[in-house]
Amino acid sequence: MEAVMALAIGVLTGSGVYLLLRPRTFQVIMGLTLISYAVNLFIFSMGRLKVDSEPVLVPGIASTLANTADPMPQALVLTAIVIGFAMTALFLVVLLASRGLSDTDHVDGEERDE
Amino acid sequence: MNELFALLDRLLEFSMPHLVAVPILVPMLTAALMLTMGEQRRRAKSTLAVVSGLVGLIAALALLRWVNAPDTGDGPGSIGVYLPGNWRAPFGIVLVADRLSTMMVALTGVVALAASIYSASRWDRAGVHFHPLLQLQLMGLNGAFLTGDLFNLFVFFEVMLAASYGLLLHGSGRQRVSAGLHYIAINLAASSLFLIGAAMLYGVTGTLNMADLGQRIAQLAPEDRGLVHAAAAILATAFFAKAGAWPLNFWLVPAYSAAVSPVSAVFALLTKLGVYTVLRMWTVLFPADTGASAQFGQEVLIGLGLVTLFAGALGVLGTQRLANLASYTVLVSAGTLLTAVGIGQPAVWAGALYYLLSSTLAVAAFFLLIDMIERWRNAGMSIAPHEFSGNAPFLTEDLTPLHDMNLDDDAQALYGRAIPAGVAFLGLSFVGCALLLAGLPPLSGFVGKFAMLSGLLGAPDTGNAAWAFLALLLLSGFLTLIALCRAGIRHFWTQPHAAIPALPAIEVLPVATLLAACLALTLAAEPVMQHASATAEALLRPQAYHDAVLGARQIPGPTQREGTP
């Protein structure tokens, strides 16, 4: 499971960084989205990967991390998802404004001669 | 008078620790209230913004008094800890008001108040929701300065950034949207790095409380140390992007010079927030006495700071536009501060903290002043025609003077004409800003640089880095002076139209206030330096910070009082 998780995070980050460095605004926003997915998975995995245990306390079972999943990264990831989502929406608006003002979807607002 | 202070101290004692949350809550509630008001009620909104700014500033000054006064808290250097959720420190979020935080909050209060007064003159009409965004920005800044929890710091960073995106785009236009696009992209990427670093630190140490992190890192097994170092490096990259450290600062100049001037004045605080977080995290996580991890990354910090300082100084010299010039001086001060932080000597830190206050106030005043100068020069327009094409102000692309520029004074006899008061104000303020930014006597810029230099020379082991810093500090001051002299000559001594500037009192007041604050810093240099030295000593020994944060007791709730012990 660790290997699958690590591969998933790695592939998402790699594609995200590649897209982030592309010259089109839509590619940049896709790159940032993929990176934020990778980051969210990473935060989640920092609470150690565990199958079939809940982040809540059950009466009669000792409340240690051996018996429950770590609830903290799950709370963090929730916050990170919400903030990331809002920021992506905001970036999308700026992207459209830039497209409208400059008539191009190049990140610099003007086409480069190559 | 003493009785008045004694009464004030008792009042402060009564209001603590709740007073710590006031600089965050006041702007938040003000912003919420403003959002319910229609866009046409601008006068009411700007009045509200000024009132909220005043209340925030008074709260910040009261905190500053509480931290320093001998009769409040645990005497001088007491640390106010507020538990917002009433959970004890490692488990719940804490707000911590120590000397460093309260100083930064008070600085934020002064600059934000000046910016909101200035914006009431005209800039708040350039778009919608200016004042609520400024208040949210203020909330994010104050929260980031006061929080004692790493993840909470991330949240306040995002609040501040979200507001700054809106403020940067205020007024719209192609230049601002283009600069905003880059600014948002780099900050989203930096936020991802912040999250990765924070998550790694949590994964290794199992805590996000800064004070607790410091203790856990000191006790860490050697095999986990590499992970912590990697996490700290990733976190630092995010902070460097915000502070404007060299390879990560190419967004800064276009963004700061494209923003409307009261926004640029507030943005001068954002890089200082980056420097603050570097200083805070570095001293809390890797203090000098924690063995293997002590002062991890010092070389990188000094190196990046020096390169930033050098690049900023070259930029100052190479630019012709006033707004770009001011943005490059932001970089110069960021580089200076990062290097001074990296040197790791308390005497240098004390000088750097004083310099931070002085340079932030001066840059903020300079941004506001530039707006007035540009409007005077361009006969009422805020942005000159040449600004759109990227040309130099009074030269065409092939560096020949524009036709309407009066290079010699044959047109008018100069004697016998009194200098109009408006020009005198602009000119004197410009000279004041130039002295402050270049660090020349007699103003506070000089005192700050002098304190840093004397700290460097008095330090026990001055290596090559200290000498390089000393040389670059003097060189950057010299280059700034040349650039500002040139700009002053261009803008004040060659007048194409010679119209008398119309300066509304509401625009003169904030600039005059910021410069007067610098003057007050110069006159009251001794108490301010004492505060800065005490702050630096406390940063060197974070044990008091640990004890205060982890020792904060929760207030028992109504149900707890009887049953549970």
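Conventions we followed
- Residues numbered from 1 in each chain as written.
- Chains lettered and ligands numbered in written order.
- Predicted model: local features only at pLDDT ≥ 70, side-chain atom pairs only at ≥ 80, totals over all residues.
- Helix = DSSP H or I, 4+ residues; strand = E, 2+ residues; numbered from the N terminus.
- Rg over C-alpha atoms; globule rule 2.2 N^0.38 Å.
- Buried ≥ 20, exposed ≤ 12 C-beta atoms within 10 Å, placed from the backbone.
- Contact = placed C-beta atoms within 7 Å.
- pLDDT = per-residue confidence, 0-100.
- Axes fitted to C-alpha atoms, helices over the stretch in contact; angles between N-to-C directions.
- Parallel < 35°, antiparallel > 145°, perpendicular 65-115°, else oblique.
- Nonpolar A, V, L, I, M, F, W, Y, C, P; charged D, E, K, R; others polar.
- Core = buried A, V, L, I, M, F, W, Y, C linked by C-beta atoms within 7 Å.
- Left-handed = near helix turned anticlockwise from the far one by under 90°.
- Expected span 1.5 Å × (residues − 1).

A few words on the overall build of chain B. The secondary structure content of chain B amounts to 21 helices and two strands. By the compact-globule yardstick of 24 Å for 565 residues, chain B fits well, its C-alpha radius of gyration being 24 Å. Along the first, second and third principal axes, the C-alpha set of chain B runs to 90 × 55 × 50 Å. Every one of the 565 residues in chain B was classed for burial, and the buried ones make up 56%. A separation of at least 24 residues holds for 80% of the contacts in chain B among residues at least 6 apart in sequence.

Bringing the overall build of chain A into the picture now. The helix and strand tally for chain A stands at three helices and zero strands. Beginning at the N terminus, the succession of helices and strands in chain A can be written as α-α-α. Taking the principal axes of its C-alpha atoms as reference, chain A extends roughly 70 × 25 × 15 Å. If you take every contact in chain A between residues at least 6 apart in sequence, the share linking residues at least 24 apart comes to 51%.

All names here are of chain B. Relative to the elements of secondary structure, Gly 342 occurs in helix 13 (residues 322–343). Distance from Gly 342 to Gly 297, taken between C-alpha atoms, is 8.6 Å for residues 45 residues apart in sequence. The residues touching Gly 342, leaving out its near neighbours within four places in the chain, are Gln 298, Leu 301, Ile 302 and Gly 305.

Residue and element names in this part refer to chain B. Here chain B averages 85 in pLDDT, and 90% of its residues register 70 or above. Here helix 15 (residues 385–389) is the element of chain B with the lowest mean pLDDT, 52, and helix 5 (residues 130–146) is the one with the highest, 94. The low-confidence segment residues 404–416 (pLDDT under 50) makes eleven contacts with residues lying over four places distant or belonging to another chain. This complex was scored by the predictor with a pTM of 0.90 and an ipTM of 0.93.

So, on to unusual backbone geometry. Residue B:Pro17 follows B:Met16 across a cis peptide bond; omega there is 0 degrees. For the bond running from B:Pro441 to B:Pro442, omega is 10 degrees, close enough to zero to count as cis. Within the element layout of this structure, B:Pro442 appears in the loop between helix 16 (421–438) and helix 17 (444–458). Its identity as a non-glycine residue notwithstanding, A:Asp103 has a phi of 60 degrees, on the positive side. Turning to its location among the elements, A:Asp103 is positioned in the segment after helix 3 (71–102). Phi angles above zero are rare outside glycine, and B:His129 is one such case at about 55 degrees. With respect to the element layout, B:His129 can be found in the loop between helix 4 (99–119) and helix 5. Its 17 C-beta neighbours within 10 Å are what place B:His129 among the partly exposed residues.

Residue and element names in this part refer to chain B. Closest axis-to-axis distance for the helix 4/helix 5 pair is 9 Å, and the angle between their directions is 170 degrees. One finds that helix 4 runs roughly antiparallel with respect to helix 5. Here Ser 101, Met 104, Val 105, Thr 108, Ala 112, Ala 115, Ser 116 and Ser 119 of helix 4 lie close against helix 5, whose contacting residues are Phe 130, His 131, Leu 134, Leu 138, Leu 141, Asn 142, Phe 145 and Leu 146. A breakdown of the residues in the contact of helix 4 with helix 5 according to their chemical character gives ten nonpolar, six polar and no charged.

Now for the interface of chain A and chain B. Across the contact, 27 residues belong to chain A and 22 residues belong to chain B. If one sorts the elements of the side of chain A that touches chain B by residue count, helix 3 of chain A sits on top with 14 residues. Residue classes in the side of chain A that touches chain B are distributed as 20 nonpolar, six polar and one charged.

All names here are of chain B. Ranked by internal contacts, the top residues of the largest apolar core, which has 230 residues, are Val 111, Ala 198, Ala 364, Ala 365 and Leu 369. When residues of this core are assigned to their parent elements, the largest contribution, 23 residues, is made by helix 14 (residues 346–377). If we skip the residues at most four places from it in the chain, Ala 364 touches Val 111, Ala 114, Ala 265, Ala 268 and Leu 514.

A few words now on the packing of helix 2 (residues 25–45) of chain A against helix 7 (residues 174–205) of chain B. Across the interface, helix 2 of chain A lies against helix 7 of chain B with an axial gap of 9 Å and an inter-helix angle of 15 degrees. Considering the angle they form, helix 2 of chain A stands roughly parallel to helix 7 of chain B. Of the two elements, helix 2 of chain A crosses helix 7 of chain B, and the hand of that crossing is left-handed. Facing A:Thr25, A:Val28, A:Leu32, A:Ile35, A:Ser36, A:Val39, A:Phe42 and A:Ile43 of helix 2 of chain A, the residues of helix 7 of chain B in contact are B:Leu181, B:Ala185, B:Leu188, B:Ala189, B:Ser192, B:Leu195, B:Ile196 and B:Ala199. Grouping the amino acids of the contact of helix 2 of chain A with helix 7 of chain B by side-chain chemistry returns 13 nonpolar, three polar and no charged.

Next up on the list: helix 18 (residues 464–493) of chain B. All names here are of chain B. Given a rise of 1.5 Å per residue, 30 residues ought to cover 44 Å, and the 42 Å separating the end C-alpha atoms of helix 18 matches this to within 8%. Among the residues of helix 18, Ala 466, Phe 469, Leu 472, Leu 473, Ser 476, Gly 477, Leu 479, Thr 480, Ala 483, Leu 484, Ala 487 and His 491 are the ones counted as buried. Looking at the buried residues of helix 18, the elements they touch are helix 12 (298–318), helix 13, helix 14, helix 16 and helix 17.

Turning our eyes to something else, we now look at helix 7 of chain B. Residue and element names in this part refer to chain B. Given a rise of 1.5 Å per residue, 32 residues ought to cover 46 Å, and the 46 Å separating the end C-alpha atoms of helix 7 matches this to within 8%. With 28 of 32 residues buried, helix 7 lies mostly within the body of the structure. Gly 206, located one to two residues past helix 7, shows a positive phi value of around 75 degrees.

Turning to the environment of B:Pro501, a few remarks are in order. Residues and elements named next belong to chain B. Its place among the elements puts Pro 501 in the loop between helix 18 and helix 19 (505–523). Residue Pro 501 is classed as partly exposed on the basis of its C-beta count, with 15 C-beta atoms lying within 10 Å. Placed 76 residues apart in sequence, Pro 501 and Phe 425 show a C-alpha to C-alpha distance of 10.0 Å. In this structure Pro 501 touches Met 372, Trp 376, Gly 422, Val 423 and Leu 426, once residues within four positions along its chain are discounted.

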